[in-house]
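So the chains spell out like this:
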Amino acid sequence: MAFKIGVGLFTGQIPPGMDRSFHTEYRESIELVRLVEGTGLDGAWVSEHHFSADGYLPSLLPMLAAYAAVTDRIELGTGVVLAPFHDPIRLAEDFAVVDQLSGGRVICGLGIGWRDEEFRAFNIDVRTRARRLTEIVDVLRSSWGPERFDYTGRHYRYQGVFVTPKPAHP
């Protein structure tokens, strides 16, 4: 395997006092990712946070879908999705759709989060973050598998779930 070089983390942040819109920030980020591919680099990565005054990107998969629409080759990664703040089934579906749009170029990077403000706002006990991540990984793997599945964990429970579509290359 060859050594790969990518760019990121694209965060969509606009520092206070800047005369810039999120529309412009996002549009220029998409254009930059198109240029990244044109220069021969191998990937672009986005990062998630919530409730930041500078508008730190809260929704990674829509951004990766936009990147997929303007690129053909580079890998597109989440570095990272703050997994405890997401429903695992919805996360599995969203990743699969973006992976299909990209032709199988998405890398799912997950994290546990650390900002107390985010945990308070989502009404999640910060002490459960590692266990939630473990369960989310289990649910993602089951969701992307070929069979209907049941899952019973401490934080998530599903019965008879069959997620479609699957990622392009599960």
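All of these numbers come straight from a predicted model, not from anything done at the bench.

Calculation notes
- Residue positions are counted from 1 within each chain, in the order its sequence is given.
- For a predicted model such as this one, the threshold for reporting local features is a pLDDT of at least 70, and the threshold for listing and counting side-chain atom pairs is 80 or more; totals across whole chains, interfaces and linings nevertheless cover every residue.
- Derived side-chain values reflect all non-hydrogen atoms in the structure, with water molecules and hydrogen atoms excluded from consideration.
- Think of it this way: DSSP has to see at least two bridges between two strands before they count as a pair.
- The helix and strand labels rest on DSSP assignments: H or I over at least four residues marks a helix, E over at least two residues marks a strand, and numbering proceeds from the N terminus.
- A contact between two residues is defined here by any heavy atoms of the two lying within 4.5 Å.
- For every element, the axis is a line fit to its C-alpha atoms; helices are fit only across the contacting stretch, and the angle between N-to-C directions ranges from 0 to 180 degrees.
- Burial status follows relative accessibility: with a 1.4 Å probe on protein chains alone, a residue under 20% of its type maximum counts as buried, one over 50% as exposed, and anything between as partly exposed.
- His residues and chain termini do not enter the charge count, which takes Lys and Arg as positive and Asp and Glu as negative.
- Salt bridge, as applied in this entry: a Lys or Arg side-chain nitrogen positioned within 4 Å of an Asp or Glu carboxyl oxygen.
- Definition of a polar contact: a pair of N or O atoms within 3.5 Å, with one able to donate and the other able to accept a hydrogen when the atoms are protein atoms, and with sequence-neighbouring residues admitted only if both atoms are side-chain atoms.
- To estimate how far a helix should reach, multiply one less than its number of residues by 1.5 Å.
- When an angle is under 35 degrees it counts as roughly parallel; over 145 it counts as roughly antiparallel; between 65 and 115 it counts as roughly perpendicular; any other value is oblique.
- Residues are grouped as follows: Ala, Val, Leu, Ile, Met, Phe, Trp, Tyr, Cys and Pro are nonpolar; Asp, Glu, Lys and Arg are charged; all remaining types, including Gly, are polar.
- Here, nonpolar core refers to any group of buried Ala, Val, Leu, Ile, Met, Phe, Trp, Tyr and Cys residues whose side-chain atoms link them within 4.5 Å.

### A few points about the sheet that holds strand 3 (residues 75-78)
Strands sit in the order 1-2-3-5 across an open sheet of 4 strands; the sheet is parallel. The sheet is open, and its two edges are formed by strand 1 (6-10) and strand 5 (106-107), each paired on a single side. With 4 bridges connecting them, strand 2 (residues 43-46) and strand 3 associate as parallel partners. In the strand pairing of strand 3, alanine 44 is matched with leucine 76. In the packing of helix 1 (residues 22-38) onto the sheet, the strands contacted are strand 1 and strand 2, and the crossing angle to strand 1 comes to about 170 degrees.

### Some thoughts on the side chain of arginine 105
Of note, arginine 105 is situated in the loop between helix 3 (88-102) and strand 5. Put simply, arginine 105 is tucked away with no salt bridge, and the nearest opposite charge, on glutamate 37, sits 4.2 Å away. Within the structure, arginine 105 has its side chain in polar contact with the backbone oxygen of alanine 68 (distance 3.5 Å). Setting aside chain neighbours within four positions, we find arginine 105 in contact with Glu37, Ala68, Thr71, Asp72, Arg73, Ile74, Glu75, Leu76 and Asp99.

### Describing the pattern of salt bridges
Counting across every chain of the model gives 10 salt bridges. Between arginine 115 and glutamate 117 there is a salt bridge, with the nearest N and O atoms lying 2.7 Å from each other. Note that aspartate 125 is salt-bridged to arginine 127, the shortest N-O span being 2.6 Å. The class for arginine 127 is exposed, based on a relative accessible area of 72%.

### As for helix 1
Residues separated by three or four positions in an α-helix point in the same direction, a consequence of the helix having 3.6 residues per turn. For helix 1, built from 17 residues, the straight-helix expectation of 24 Å at 1.5 Å per residue is met to within 8% by its first-to-last C-alpha distance of 24 Å. What helix 1 keeps buried is the set Thr24, Glu25, Ser29, Val33, Val36 and Glu37. In this structure, the buried side of helix 1 is in contact with strand 1, strand 2 and helix 2 (60-70).

### A look at unusual backbone geometry
In this model, glycine 79 is joined to valine 80 through a cis peptide bond whose omega is 20 degrees. With respect to the helices and strands, valine 80 occurs in the loop between strand 3 and strand 4 (81-82). Cis peptide bonds are those with omega within 30 degrees of zero, and the linkage from threonine 164 to proline 165 qualifies with -5 degrees. If you trace the backbone, proline 165 turns up in the segment after strand 8 (157-161). For phenylalanine 51, which is not a glycine, the phi torsion comes out positive at approximately 65 degrees. Its location among the elements puts phenylalanine 51 in the loop between strand 2 and helix 2. Assessed through its relative accessible area of 45%, phenylalanine 51 is described here as partly exposed. One non-glycine residue with positive phi stands out, namely asparagine 123, at about 55 degrees.

### Let's talk about the packing of helix 2 against helix 3
For the pair helix 2 and helix 3, interaxial distance at closest approach is 9 Å and the crossing angle is 10 degrees. Regarding the angle of helix 2 to helix 3, the classification is roughly parallel. Residue-level contacts link Leu61, Leu64, Ala65 and Ala68 of helix 2 to Leu91, Asp94, Phe95, Val98, Leu101 and Ser102 of helix 3. Among the residues making up the contact of helix 2 with helix 3, the classes are represented as 8 nonpolar, 1 polar and 1 charged.

### A word on the nonpolar core
Residues Val46, Leu64, Tyr67, Leu76, Ile89, Leu91 and Tyr158 are the most contacted members of the largest nonpolar core, which totals 32 residues. Looking at this core, the elements that each hand over two or more residues are helix 1, strand 2, helix 2, helix 3, helix 5 (129-143), strand 7 (149-152) and strand 8. The element that contributes the greatest number of residues to this core is helix 2, accounting for 6 residues. The contacts of leucine 91, once residues within four sequence positions are left out, are Leu61, Val81, His86, Leu110, Ile136 and Leu140.

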